[in-house]
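Examination of the molecular architecture
Listed here are the chains, written in short residue letters.
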6 protein chains.
Amino acid sequence: MATNKMLLACILALSFSVALASVVPVQDFCVADPNGIALVNGVACKDPKLVKEDDFFFSGFDKRGNTSNPMGSKVTQFNVAQIPGLNTLGVATVRLDFAPLGLNAPHTHPRASEIMIVLRGTLEVGFITSNPELRHFKKVLNKGDMFVFPIGLIHYQKNVGKGHAVAIAAFNSQNPGSIPVATTVFHAMPNIDSDIVAKAFQLDKVFVESIQSKV
Amino acid sequence: MATNKMLLACILALSFSVALASVVPVQDFCVADPNGIALVNGVACKDPKLVKEDDFFFSGFDKRGNTSNPMGSKVTQFNVAQIPGLNTLGVATVRLDFAPLGLNAPHTHPRASEIMIVLRGTLEVGFITSNPELRHFKKVLNKGDMFVFPIGLIHYQKNVGKGHAVAIAAFNSQNPGSIPVATTVFHAMPNIDSDIVAKAFQLDKVFVESIQSKV
Amino acid sequence: MATNKMLLACILALSFSVALASVVPVQDFCVADPNGIALVNGVACKDPKLVKEDDFFFSGFDKRGNTSNPMGSKVTQFNVAQIPGLNTLGVATVRLDFAPLGLNAPHTHPRASEIMIVLRGTLEVGFITSNPELRHFKKVLNKGDMFVFPIGLIHYQKNVGKGHAVAIAAFNSQNPGSIPVATTVFHAMPNIDSDIVAKAFQLDKVFVESIQSKV
Amino acid sequence: MATNKMLLACILALSFSVALASVVPVQDFCVADPNGIALVNGVACKDPKLVKEDDFFFSGFDKRGNTSNPMGSKVTQFNVAQIPGLNTLGVATVRLDFAPLGLNAPHTHPRASEIMIVLRGTLEVGFITSNPELRHFKKVLNKGDMFVFPIGLIHYQKNVGKGHAVAIAAFNSQNPGSIPVATTVFHAMPNIDSDIVAKAFQLDKVFVESIQSKV
Amino acid sequence: MATNKMLLACILALSFSVALASVVPVQDFCVADPNGIALVNGVACKDPKLVKEDDFFFSGFDKRGNTSNPMGSKVTQFNVAQIPGLNTLGVATVRLDFAPLGLNAPHTHPRASEIMIVLRGTLEVGFITSNPELRHFKKVLNKGDMFVFPIGLIHYQKNVGKGHAVAIAAFNSQNPGSIPVATTVFHAMPNIDSDIVAKAFQLDKVFVESIQSKV
Amino acid sequence: MATNKMLLACILALSFSVALASVVPVQDFCVADPNGIALVNGVACKDPKLVKEDDFFFSGFDKRGNTSNPMGSKVTQFNVAQIPGLNTLGVATVRLDFAPLGLNAPHTHPRASEIMIVLRGTLEVGFITSNPELRHFKKVLNKGDMFVFPIGLIHYQKNVGKGHAVAIAAFNSQNPGSIPVATTVFHAMPNIDSDIVAKAFQLDKVFVESIQSKV
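Residues numbered from 1 in each chain as written. Chains lettered and ligands numbered in written order. Predicted model: local features only at pLDDT ≥ 70, side-chain atom pairs only at ≥ 80, totals over all residues. Heavy atoms only, no water.

What to know about the sheet that holds strand β4 (residues 103-108) of chain E
Taken in spatial order, the 5 strands line up as β7-β6-β9-β4-β11 (chain E) in an open sheet, and their pairing is antiparallel. What marks the edges here is a single partner per strand, and that holds for β7 (136-141) and β11 (179-180) of chain E. For strand β6 (residues 123-128) of chain E and β7 of chain E, the ladder comprises 6 bridges, and the chain directions are antiparallel. Of the residues in β7 of chain E, the one forming a bridge with V125 of chain E is K139 of chain E. With respect to the sheet, helix α3 (residues 194-201) of chain F is in contact with β4, β6 and β9 (154-159) of chain E, its orientation differing from that of β4 of chain E by roughly 80°. (Pairing = 2+ DSSP bridges. Helix = DSSP H or I, 4+ residues; strand = E, 2+ residues; numbered from the N terminus. Contact = heavy atoms within 4.5 Å. Axes fitted to C-alpha atoms, helices over the stretch in contact; angles between N-to-C directions.)

So, in structure tokens, the structure goes:
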């Protein structure tokens, strides 16, 4: 009987992990040419002879983001659009500022997983797994705590402490992208048909239109 | 002056595409062992000697999905959970059924891009790009028409024809995943705090809780 | 003794699968610029501001392919060459038409795995594994049945039903490529030396040359 | 007018290359456990403490392959099946021996590109591109010459010199696989239906069966 | 002449970048099973039903590293060995502490690029490109400044300010690895032959042995 | 008790390998345009119609490298810079020549794993794992022996036989790169501050400067 349990344990154990990895570039660096940066991806390499220290440098992580907005939060991005030397290297960061009760509203990153570290204050954070489980993992984080948000999953952070809160997050993409769920659904350009939003959210169509009409 | 324009054209032209690719497996196949299939990923390979035709086979694409539900639509999945031979091969499909006015509500696939083809009826489809543009691309599709939804972006399909509609979609993942935006935000397990949802969607908290309380 | 068997089971179990995945793009989309499309890969991104719905759209999946040819089959492609919005997204499809007894002759896709679904009729399909096993997996498929063909392996489909047959196939590449074995070996441009073909296929050299001389 | 030509040159120039890369492992090494090696892929890692020099070592590249066979050639493999330390590292080699007139018959590698170097003798080599071009690139190589065969394309090597010839080839896969076209088509296990082979190669069915019946 | 310049501009422009990307996992998460964590890579997935918030959580980023060592610096790692939920997600971070004049000695990360941000103090940082250029890019960074170190290149950080300095670095790997050049060359286990080190560094062999003999 | 051992065996067994793979290109080939080759990566594709056999060809592997230099060794490279057809294909080779006692000094390849085969003579080879183990694996190799060096790890080869030695090495990158540790640390352009090198190697600063001042 013990061996039967063992067999079960072995079989269960046979569902494995795969530690996925990044893709190797094909040269030391390929600094994005400032003239091509507007399109973010696949911009031209600067002539390597013209590459200089400042292509790998950026400043301003210590500047508090302006949280005077309805969400009371600000995400300051440090990706390939700001740092051309990140081009082809597959990593980027952001600074997150939160006024008291400030919210980084539910969103996804379509092209990266994220690890976030609280530098100051107290945040409640969470993510929800995909269909059909929709399991909600959440945690209150204090200074020095960190949390992981897997690629593509909806997640959020809220300041639940008394003062301003600050966090840093890192991504395994030079351009992780961000999809704010509520804004995307209610304020796309042009709007999604109110019929569709109303049915998806099981809301009244007129009510949806009233939300859509707000800027 | 003409050469200046040329220079500009050249510089503009320097924003390039990168045709990304899939990752090569390291053997002809690695059929998922049925004992390990529950966890979907990284399950054990069946002993190749025991692999048989039926591991690469599945049936039932011709069966109409049951659309008797509030959304009036049904997604029937054909991925590695159904077809163990898909393991490691990076491709999967679904069948989409829509009752008249049926909606496949706004959702994302966290791990794959999608190409969808209308086999019957008329669908209105759309996707919205990431922050800050949130551009909404949409199109009405008839039988034989196809449309592309890039990885991680919110998209939807709605039956705007008179009868039942059917589509097939293909994905570049053996397990693309699906995140239905409205359900995730309003009906995670457990729920996201109503404060957070209310603030994100700029709705009344009591109203959010009334939605959350519905099954 | 039971534990010895257990140990053996554990050790056997240690041959695992690796669920390989696709590669993430670095922006929402990079629509192929029509001026560059001829070379298929790595074409320039269209200026995102000029991208429109039709870049992600294509029509004609419902059009029957012309099977009036010696093989009695037709493959209609829907990949990045037809749909510029597929660029960088790693997925494509084809429509397969078969006259009665029509054959999609043995071929490989050098850059993608495939899942095929029968939409109409009855097909016999098969693939053969690599050296030295050369195992042949085959199956008769009816409407609604699907089958998987792993990347790079030789496979074929034949209409073994009474009427016209139709299938759809999906690939995890924007440009899977196709290598028809017989045509490649006997009708390359220029031809492979008849000595080589004769020796490889253990055929008479004059006979090989007679095949090569047919168009 | 000159500027118009320039514009054309620029536009043509916008069809780019993408220098694709390998995938990074997630640890220094993961030596294949000899108990699991039979399945080649995804075998268990040996306990790193038990890993020793010989796991990264193999001998015998200097041994001449036995070319006493109908093709007059022999491919000796040095991949993860022989060298467990290659596991997860994505590289492998072979030694190719050719008797005079010996042929490494047309074949593909489903999971790797190849670079081959002639160490002794004279080889005629070639590969054919995919449908519909089927362009045949070929070259006679002498000692010290090298040639590239892109992933998945049909290629061959033939000894066109007077003596024994030797070459080395390297692949970007720990298990590139090999699909010998003629053997696969005529001697799969079990055989492909003679009807199918006859139609594909436009040969007489009885003749196909006579080839299939030879061992 | 203007057109010649244009031509030159076009040709120069034809050296492009490739914005490389990460690899997508095949499920929402695959939390490393704590029993398997010792080997870091490819550990078993925990049963998803048993996964909990704390698998994605870690604490202690705010704890100052102990810099009482010859280098006067301390790297505190937060990767998959500490946070099992990072498994398969391809991202990790470290905290860097520097006493005054403290040095994070020249090292490489064999499996990731890095972006580092100064949280406190002043650091001089640099990296050197590969053979044959060996170009040395360096920069003095103050609080809020950030710098990029491409995968595999030798780099270092030194506290050139007056007080304790702190930085955070992020990597696009769950286990980037670190290779401290001096320690590896002079204190491998067992040591590299003193002959080899002496010749490589063009030092006296006895002198090399005296260094090697120090702990 | 037996079952306890079994449990241990199972748990140990749960540390798995992941057989990583290369990335698939998106076309048969993308030959590097000679005008763009200087920057190595992401050069333009030649118009496929203009591609010819010689783009996949290179000569000179049989030429002995000039070992009349302080290290007594020479690495002759055969990568995408020499063979434009290698572009996007992820594989390259080198020829290694060693005078008696010649040394290929400790170095890393930032973008590829390596397999090396001794074609003539006797080499002592070794690599050292990453921090904190720094395990040194070494082996004496004779003609026909091969050894594996994992990506990014410091490794070396030394001629310990009586005559000239020759080896070939293959890499899973079209441009693996090489970082010679001693030269990089002591002779970067410009030099690393002598303070930093002195502290890292625990050498006297004046002594470091004397080494740095030698060419």
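Some remarks on the interface of chain D and chain F
Contact residues are listed per partner, giving 73 residues for chain D and 72 residues for chain F. Across the contact surface, chain D and chain F share 2 salt bridges. With a closest N to O distance of 2.4 Å, D54 of chain F and K139 of chain D form a salt bridge. Where chain D touches chain F, the interface holds 22 residue pairs in polar contact (both at pLDDT 80 or more). When contributions to the side of chain D that touches chain F are tallied by element, the ones reaching two or more residues are β1 (57-58), β5 (114-120), β7 (136-141), β8 (146-149) and β10 (165-171) of chain D. With 5 residues, the single largest contributor to the side of chain D that touches chain F is β7 of chain D. Each residue belonging to the side of chain D that touches chain F can be placed in one class, and the counts come to 41 nonpolar, 19 polar and 13 charged. Two elements, β8 of chain D and strand β1 (residues 57-58) of chain F, share 2 bridges in a ladder whose sense is antiparallel. From the neighbouring strand, F147 of chain D faces β1 of chain F, where its bridge partner is F57 of chain F. (Salt bridge = Lys/Arg side-chain N within 4 Å of Asp/Glu carboxyl O. Polar contact = N/O pair within 3.5 Å; in protein donor to acceptor, adjacent residues only side chain to side chain. Nonpolar A, V, L, I, M, F, W, Y, C, P; charged D, E, K, R; others polar.)

Side note on the pattern of salt bridges
The final tally for this structure, using the stated rule, is 40 salt bridges over all chains. R111 of chain E serves as the salt-bridge partner of D28 of chain D, at 2.8 Å between the closest nitrogen and oxygen. With D28 of chain D in the loop between α1 (2-13) and β1 and R111 of chain E in the loop between β4 and β5 (114-120), the pair connects residues from two separate chains. With respect to burial, D28 of chain D and R111 of chain E carry one shared label: buried. A network of salt bridges, in which partner residues are shared, links K158 of chain A together with D195 and K205 of chain B. (Buried < 20%, exposed > 50% of the residue type's maximum accessible area, 1.4 Å probe, protein only.)

Here's the deal with the relation of the copies chain D and chain F
If you rotate chain D by 180° and push it 0.0 Å along the axis, it lands on chain F with an RMSD of 0.0 Å. Both copies are brought into coincidence by an operation consistent with a two-fold rotation axis. Looking at the interface residues of chain D, 99% of them are also at the interface in chain F, so both copies use one shared face. (Least-squares fit on C-alpha atoms with pLDDT ≥ 70 in both.)

Thoughts on the packing of aromatic side chains
Inspection of every chain in the model, using the stated rule, returns 66 aromatic pairs over all chains. Look at F56 of chain A and F137 of chain E: their rings are 5.5 Å apart centre to centre, the planes differ by 70°, and that puts the pair in the edge-to-face class. Here F56 of chain A is found in the loop between α1 (2-13) and β1 (57-58), whereas its partner F137 of chain E is found in strand β7 on a different chain. The same class applies to F56 of chain A as to F137 of chain E, namely buried. In textbook terms, an aromatic cluster arises when at least three aromatic residues are bridged by ring pairs, as seen for F56 of chain A together with F127, F137, F147 and F149 of chain E. One residue, K139 of chain D, lies across the ring of F57 of chain F, its end atom 4.4 Å from the ring centre. (Phe/Tyr/Trp six-rings, centres within 6.5 Å; stacked < 30°, edge-to-face > 60°. Lys NZ or Arg CZ within 6 Å of the ring centre and 35° of its normal.)

Quick word on unusual backbone geometry
For the bond from M189 of chain A to P190 of chain A, the omega torsion is -5°, close enough to zero to count as cis. You can see P190 of chain A is positioned in the loop between α2 (181-186) and α3 (194-201). Omega for the peptide link from N131 of chain F to P132 of chain F comes to 0°, which places this bond in the cis form. With respect to the helices and strands, P132 of chain F occurs in the loop between β6 (123-128) and β7 (136-141). Not every positive phi belongs to a glycine, and L101 of chain E is a case in point at roughly 70°. With respect to the helices and strands, L101 of chain E occurs in the loop between β3 (92-98) and β4. Among the residues examined, L101 of chain E registers a relative accessible area of 53% and is labelled exposed. Positive phi is not limited to glycine here, since L134 of chain F has a value of about 50°.

Remarks on the side chain of D145 of chain D
Within the fold, D145 of chain D resides in the loop between β7 and β8. In this structure D145 of chain D is buried but unpaired, with K139 of chain D as the nearest side chain of opposite charge at 7.3 Å. Of note is the side chain of D145 of chain D, whose polar atom sits 2.7 Å from the side chain of S59 of chain F. Contact partners of D145 of chain D, with chain neighbours within four places excluded, come to M116, I117, V118 and V140 of chain D together with F57, F58, S59 and G60 of chain F. (Lys, Arg positive; Asp, Glu negative; His and termini not counted.)

Observations concerning the pairing of strand β5 (residues 114-120) of chain C
Residues and elements named next belong to chain C. In terms of residue burial, β5 counts as a mostly covered element, since 6 of its 7 residues are buried. In this structure, β5 lies alongside strand β10 (residues 165-171), joined through 6 bridges in antiparallel fashion. Across the sheet, E114 pairs through a bridge with F171, a residue of β10. Bridge analysis of β5 against strand β8 (residues 146-149) gives 4 bridges, and the strand direction is antiparallel. Within the sheet, the bridge partner assigned to M116 lies in β8 and is F147.

Thoughts on the sheet that holds strand β1 (residues 57-58) of chain E
Two pairing modes exist for strands in a sheet, parallel and antiparallel, and in both the strands are linked by backbone hydrogen bonds. Taken together, 6 strands build an open sheet; the order of strands is β2(A)-β3(A)-β10(A)-β5(A)-β8(A)-β1(E) and the sheet is antiparallel. Since the sheet does not close on itself, it has two edges, and those belong to β2 (73-78) of chain A together with β1 of chain E, each with one partner. Sheet topology note: the β2 of chain A/strand β3 (residues 92-98) of chain A ladder contains 6 bridges and is antiparallel. Each residue of the ladder has a partner; that of S73 of chain A, found in β3 of chain A, is F98 of chain A.

Focus: the UniProt feature "binding site: oxalate" (unreviewed entry) in chain A
Residue and element names in this part refer to chain A. In this numbering, the UniProt entry assigns the feature "binding site: oxalate" (unreviewed entry) to N104, H109 and E114. Positionally, N104 belongs in strand β4 (residues 103-108). Residue N104 is classed as buried on the basis of its relative accessible area of 11%. Setting aside residues no more than four positions away along its own chain, N104 makes contact with S73, V75, L96, F98, Y156 and Q157. Note on placement: E114 falls in strand β5 (residues 114-120). Taking relative accessible area as the criterion, E114 reaches 2% and is therefore assigned buried. (UniProt positions renumbered as here; feature names shortened; annotations may be inferred.)

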